[in-house]
Amino acid sequence: MKTLIAANWKMFKTWEEGVITAREILVGTHKDLPEDREVLIIPPFTLLKGVGEILLSQKNYSLGGQNFYPAKEGAFTGEISPVQLLDLGCSYALVGHSERRHILGEKSDFLASKVKAGLEAGLKIIFCIGETLEERKAGKIKEVLTSQLEEGLKEVEKNLAPELLTIAYEPVWAIGTGEVAGEEDILEAHALIRDWLKNRFASGDKMRILYGGSVKPDNAAKILSLDNVNGVLVGGASLKAESFNQIILA
Ligand code: PGA
């Protein structure tokens with residue numbers, strides 16, 4: 001399994017800014033990129049084509065969508081389908097990011113239907129889970145993570161090929177706050193997720209688990225060295241090639 005270094009650009013960057021950053025990322029990393037590392041850029045929809053043109057001819061660089069609606073096509077004004085993401089060269093898509101759960105109000109049934117529709121269309125899904133600070137303080141981490149996994153992945157077949165599903169553990173209180181989870185917290189959450197995956201899927205031991213939440217150049221190498229951490233999902237520090245490139249090569 002390749003270590004996945006993913007950039008979530010959220011709702012940032014104009015066309016020109018995005019294309020320039022993508023070029024800087026490629027130029028700054030492709031010569032030194034280890035064979036067992038994959039770089040994934042998840043830009044806003046408006047930049048999929050521009051970033052794809054720069055990255056997609058390169059081995060181990062991939063493109064992903066931040067969101068999609070769970071239908072092939074139809075009268076869903078303002079939405080985008082998995083087929084349209086694939087059409088622009090996306091191989092991955094995020095589902096369940098905390099900003100979609102907490103700001104856009106997406107509920108577990110809807111997330112489950114997205115996971116199903118995305119996989120059926122042929123996208124690899126990065127399913128994001130994580131507890132809020134309140135839930136952490138109430139000692140409910142295991143309960144929260146387990147129910148997010150159970151509910152969001154309820155439609156997925158047991159024999160799914162492991163490369164098609166990646167879990168991203170992103171404690172909500174660590175996203176965009178500069179506050180990174182401690183090593184013990186990450187180890188504990190990832191071990192719990194690994195156990196759950198092994199019980200639930202035939203190849204759950206081979207599915208990747210990413211950590212996300214204030215990953216920066218100075219903590220990336222340490223986080224990537226931890227047990228059951230198979231990559232990182234990076235927001236803020238992925239917006240500038242200078243910092244993202246250090247994480248890619250960490
Ligand atoms: P952050 O975002 O790196 O800015 O904390 C991570 C994410 O939202 O995926």
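One can find the structure itself at the top, above this paragraph.
What you see as residue numbers is a count from 1 along each chain, following the sequence as written. With pLDDT at 70 or above as the cut-off, local features in this predicted model cover only qualifying residues; side-chain atom pairs require 80 or more to be listed or tallied, and sums for whole chains, interfaces and linings still use all residues. Side-chain numbers come from the whole structure's heavy atoms, not from hydrogens or water.

Considering helix α5 (residues 108-121)
- Over its 14 residues, α5 runs 20 Å from end to end, which matches the ideal 20 Å to within 8%, given 1.5 Å per residue.
- Note on exposure labels: buried denotes an accessible area under 20% of the residue type's maximum, exposed denotes more than 50%, and partly exposed covers the range between, all computed with a 1.4 Å probe on protein chains only. Here a helix means four or more residues in a row that DSSP labels H or I, a strand means two or more in a row labelled E, and each is numbered from the N terminus. Along α5, the residues classified as buried are L111, A112, K114, V115, A117, G118 and L119.
- The criterion used for residue contact is that any of the two residues' heavy atoms lie within 4.5 Å. Summarising the contacts, the buried residues of α5 are in contact with α3 (82-87), β4 (92-95), α4 (98-102), β5 (124-129) and α7 (141-152).
- Just past α5, the residue G122 takes up positive phi, approximately 110 degrees. A helix is expected to span 1.5 Å for every residue after the first.

Looking at helix α9 (residues 217-225)
- Every buried residue of α9 is listed here: N219, A220, I223 and L224. Angular distribution of buried residues about the axis of α9 spans 135 degrees; they occupy a single face of the element.
- The inward-facing, buried residues of α9 abut β1 (3-8), β2 (37-42), α8 (183-200), β7 (208-212), β8 (231-234) and α10 (241-248). Our arc is simply the arc of the directions from the helix axis toward the C-beta atoms.

Here we look at the sheet that holds β5
- Strand pairing is defined by DSSP finding a minimum of two bridges between the two strands. In spatial order, the strands read β1-β2-β3-β4-β5-β6-β7-β8; together these eight strands close into a barrel with parallel pairing. The average undirected angle you get between the axes of adjacent strands in this sheet is 25 degrees.
- One ladder, built from three bridges, connects β2 with strand β3 (residues 61-65); its direction is parallel. From the neighbouring strand, V39 faces β3, where its bridge partner is Y61.
- Geometry is summarised by axes, namely lines fitted to C-alpha atoms with helices restricted to the contacting stretch, and by angles between N-to-C directions that run from 0 to 180 degrees. Sheet strands in contact with α5 are β4 and β5, and its direction is about 160 degrees off that of β5.

So, the packing of aromatic side chains
- Working definition: a ring pair exists when centres of Phe, Tyr or Trp rings (six-membered ring for Trp) sit within 6.5 Å. Plane angles under 30 degrees give stacked, over 60 give edge-to-face, the rest tilted. Counted according to the given criterion, the structure contains four aromatic pairs.
- Where Y169 meets Y211, the ring centres are 6.3 Å apart and the plane angle is 55 degrees; that geometry is what we call tilted. With Y169 in strand β6 (residues 165-169) and Y211 in strand β7, the pair connects residues that are 42 residues apart, well separated along the chain.
- On the basis of relative accessible area, Y169 is assigned to the buried category, the value being 0%.
- Judged by relative accessible area, Y211 falls into the buried class, the value being 0%.
- Ring pairs connect the aromatic residues Y69, F76 and F110, which therefore count as one cluster.

Some details on the site of the ligand
- A molecule or strand has a residue near it when one of that residue's heavy atoms lies within 4 Å. Taken together, 13 residues are adjacent to the ligand, and K10, H97, E170, G176 and S214 come closest.
- In short, Shrake-Rupley with a 1.4 Å probe defines the accessible areas, and a residue's cover is counted only from the protein chains shown. Taking 280 Å² as the accessible area of the ligand by itself, protein coverage stands at 97%.
- Each residue belonging to the shell around the ligand can be placed in one class, and the counts come to four nonpolar, seven polar and two charged. Amino acids are sorted into nonpolar (Ala, Val, Leu, Ile, Met, Phe, Trp, Tyr, Cys and Pro), charged (Asp, Glu, Lys and Arg) and polar (every other residue, Gly among them).

Comments concerning the side chain of T3
- Inspection of the secondary structure puts T3 in strand β1.
- Excluding residues that lie within four positions of it along the chain, T3 makes contacts with D36, R37, E38, L224, N230 and G231.

Honestly, that's just the spatial picture; any functional story needs more than this.
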